[in-house]
Amino acid sequence: MLRALVLVAAGAGLLVGCRSTVRGGLAERSANDLVLALHARGIDATKVGGGGAGDARFDVRVPASELGRALEVLHDANLPREPSPGLADVFAKGSLVPTATEERARYVSGLDGELERTLERIDGVLGARVHVALPDQEASLRLDTPPPRARASVLIEYRAGHEPPDVAPVRALIAGAVQNLSPGDVAVVSLPSEPRAPATPSWVQVGPITVTEGSAETLRVVLVGAFGLNIALAAALIATLWSRRRTRRAHAPASDQAA
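Just so it is clear, the structure is predicted and the values come from calculations on it, not from any experiment. (Residues numbered from 1 in each chain as written. Predicted model: local features only at pLDDT ≥ 70, side-chain atom pairs only at ≥ 80, totals over all residues. Heavy atoms only, no water.)

Points about the overall build of the protein chain
The condition that has to hold: To qualify as a helix, a DSSP run of H or I must reach at least 4 residues; to qualify as a strand, a run of E must reach at least 2; elements of each kind are numbered from the N terminus. The rule is simple: take the accessible area with a 1.4 Å probe, protein chains only, and divide by the maximum for that residue type; under 20% is buried, over 50% is exposed, in between is partly exposed. Contact definition: two residues touch when any of their heavy atoms are within 4.5 Å.
Each helix and strand counted, the protein chain has 9 helices and 8 strands in total. Out of the 259 residues belonging to the protein chain, those deemed buried represent 26%. Of all intrachain contacts in the protein chain linking residues separated by at least 6 positions in sequence, the fraction that spans at least 24 positions is 62%.

Structural notes on the sheet that holds strand β4 (residues 125-133)
Strand-to-strand pairing in sheets goes through backbone hydrogen bonds, with the strands running parallel or antiparallel. For clarity, the threshold we go by: When DSSP finds two or more bridges between two strands, those strands count as paired. Helix axes are fitted to C-alpha atoms over the stretch in contact, other axes to C-alpha atoms as well, and angles between N-to-C directions run from 0 to 180 degrees.
Strand order in this open sheet of 3 strands is β4-β5-β6, and the pairing throughout is mixed. The open sheet has two edge strands, β4 and β6 (186-192), and neither has a second partner. Geometrically, the sheet is characterised by an average inter-axis angle of 10 degrees between neighbouring strands, direction not taken into account. Sheet analysis places strand β5 (residues 151-158) next to β6, joined by 7 bridges and oriented parallel.

Notes on helix α3 (residues 67-76)
Put simply, the rule reads: To obtain the arc, one takes the directions from the helix axis to the C-beta atoms.
Along α3, the residues classified as buried are Ala70, Val73 and Leu74. Buried positions in α3, seen along its axis, are confined to an arc of 95 degrees and lie on one side of it. Of the exposed residues in α3, those oriented more than 90 degrees away from the buried face are Glu72, His75 and Asp76. Close packing links the buried residues of α3 with β1 (19-26), α2 (28-40) and β3 (58-63). Phi turns positive one or two residues past the end of α3, at asparagine 78, with a value near 55 degrees.

Topic: the sheet that holds β1
Strand order across the open sheet formed by 3 strands is β1-β3-β2, with antiparallel pairing between neighbours. Edge positions in the sheet fall to β1 and β2 (46-49), since each of these pairs with one other strand and no more. Averaged over all adjacent pairs, the angle separating strand axes in this sheet is 30 degrees, with direction ignored. Here β2 pairs with β3 via 4 bridges, running antiparallel. What sits directly across from threonine 46, in β3, is arginine 61. Each of β1, β2 and β3 touches α2; the most contacted strand, β3, lies at about 15 degrees to it. Its contacts with the sheet place α3 against β1 and β3, and it is angled at close to 35 degrees to β1.

A closer look at a nonpolar patch on the surface
To keep things clear, this is the line we draw: Residues qualify for a patch when their relative accessible area is over 30% and they have no salt bridge, like charges being joined within 9 Å and the nonpolar side chains of Val, Leu, Ile, Met, Phe, Trp and Tyr within 5 Å. To measure how exposed things are, a 1.4 Å probe is used in the Shrake-Rupley method; for residues, cover is taken only from the protein chains shown. Throughout this description, the term salt bridge denotes a Lys or Arg side-chain nitrogen within 4 Å of a carboxyl oxygen of Asp or Glu.
A grouping of Leu155, Val189 and Leu191 is seen on the molecular surface, where their side chains present a nonpolar patch of about 240 Å² in accessible area. Here leucine 155 shows up in strand β5.

A look at the pattern of salt bridges
Where charged atoms from two side chains of opposite charge come close, those side chains can pair. Tallying each qualifying case throughout the model produces 7 salt bridges. When the shortest N-O distance is used, the salt bridge between glutamate 116 and arginine 129 registers 3.7 Å. Taken together, the residues span a long stretch of sequence, with glutamate 116 in helix α5 (residues 100-119) and arginine 129 in strand β4 at a distance of 13 residues. By relative accessible area, arginine 129 is classed as partly exposed at 43%. The salt bridge involving aspartate 185 is made with arginine 149; its shortest N-O contact spans 3.6 Å. Linking aspartate 185 in the loop between α7 (167-177) and β6 with arginine 149 in the loop between α6 (137-140) and β5, this pair joins segments that are 36 residues apart in sequence. Under the relative-accessibility criterion, aspartate 185 is labelled buried at 12%. Residues participating in the shared-partner salt-bridge network are Arg149, Arg151 and Asp185.

Some thoughts on the packing of α5 against α7
Formally: Should the near helix be turned anticlockwise from the far one by less than a right angle, the crossing is left-handed, and should it be turned clockwise, the crossing is right-handed. Gly falls in the polar group here, along with every residue not listed as nonpolar (Ala, Val, Leu, Ile, Met, Phe, Trp, Tyr, Cys, Pro) or charged (Asp, Glu, Lys, Arg).
It is at 11 Å that the axes of α5 and α7 come closest, and there the two elements cross at 150 degrees. Like other packed secondary-structure pairs, α5 and α7 cross with a definite hand, here right-handed. In this structure, α5 uses Leu111, Leu115, Thr118 and Leu119 to contact α7, whose residues at the interface are Val170, Leu173, Ile174 and Ala177. Tallied by class, residues from the contact of α5 with α7 come to 7 nonpolar, 1 polar and no charged.

Thoughts on the packing of aromatic side chains
The following threshold applies: We call Phe, Tyr and Trp rings a pair once their centres come within 6.5 Å, taking the six-membered ring for Trp, and we label the pair stacked below 30 degrees between planes, edge-to-face above 60, and tilted otherwise. Whether a charge lies above a ring is judged from NZ of Lys or CZ of Arg, which has to be within 6 Å of the ring centre and within 35 degrees of the ring normal.
Across all of its chains, the model carries 0 aromatic pairs by this definition. The residue whose ring lies beneath lysine 47 is phenylalanine 58, and the NZ or CZ to ring-centre distance is 4.8 Å.

So, the nonpolar core
To keep things clear, this is the line we draw: Only buried residues count toward a nonpolar core. Its members are Ala, Val, Leu, Ile, Met, Phe, Trp, Tyr and Cys residues joined through side-chain atoms within 4.5 Å.
Formed by 18 residues in total, the largest nonpolar core has its most connected members in Val154, Ile174 and Leu181. No other element matches the 4 residues that β4 contributes to this core. Apart from residues lying up to four places away in sequence, leucine 181 is in contact with Ala150, Arg151, Ala152, Ile174, Ala175 and Val186. Among the nonpolar cores identified, the runner-up in size contains 17 residues, and Val35, Ala45, Val73 and Leu74 belong to it.

Structural data, given as structure tokens:
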């Protein structure tokens, strides 16, 4: 009987504390962004995984009852942001014998992705888009016209409340990565992210206790676990007292048992 009570209490705790994966296989930075965004909306999100060495991946989990709201929050915040492919990604796949046009397009796409990743490492930068326009090699060989110049445009989204990145270093960074590109031919546009409305926690009642909606599931698990433990301890105490009573009656003198 005691074992059955313990199993029932444990099963109830597991059912109440069930969590669902809202996003999986994320890089650590992306997982952290998701956890911060969900916490700002009062959702009890946790980051799990990443135990292995190297390119560790993480899952973000939320209480099962909050899954729908978590998906809505991430959709509104445009999270997670998918990283643009870099040079290693675009050249890892392609046709067996690519044409010169395909090679050039893949190189430009990979170069854009590498520059975007670099810009996103700047403090306060949430996302970046880079478009590099390389001149046609055949046009540069014509003698009757001046050779076309390489150009680039950069769009940076920075966190609200931060200062926008300095334009001069950004131009120098892009120009230094592209052959024959002058910093003056790099156009940079910086936009602040839309400030989110302050999170207003939603309060719920769990028995006599009032907590935020995101903490309700954790509190229920604690209460169910404590209730189950009390039942198990009470059952163990009753079983111990009953066993002692039977032992005393078994060792009592025959005259006392007859009485």
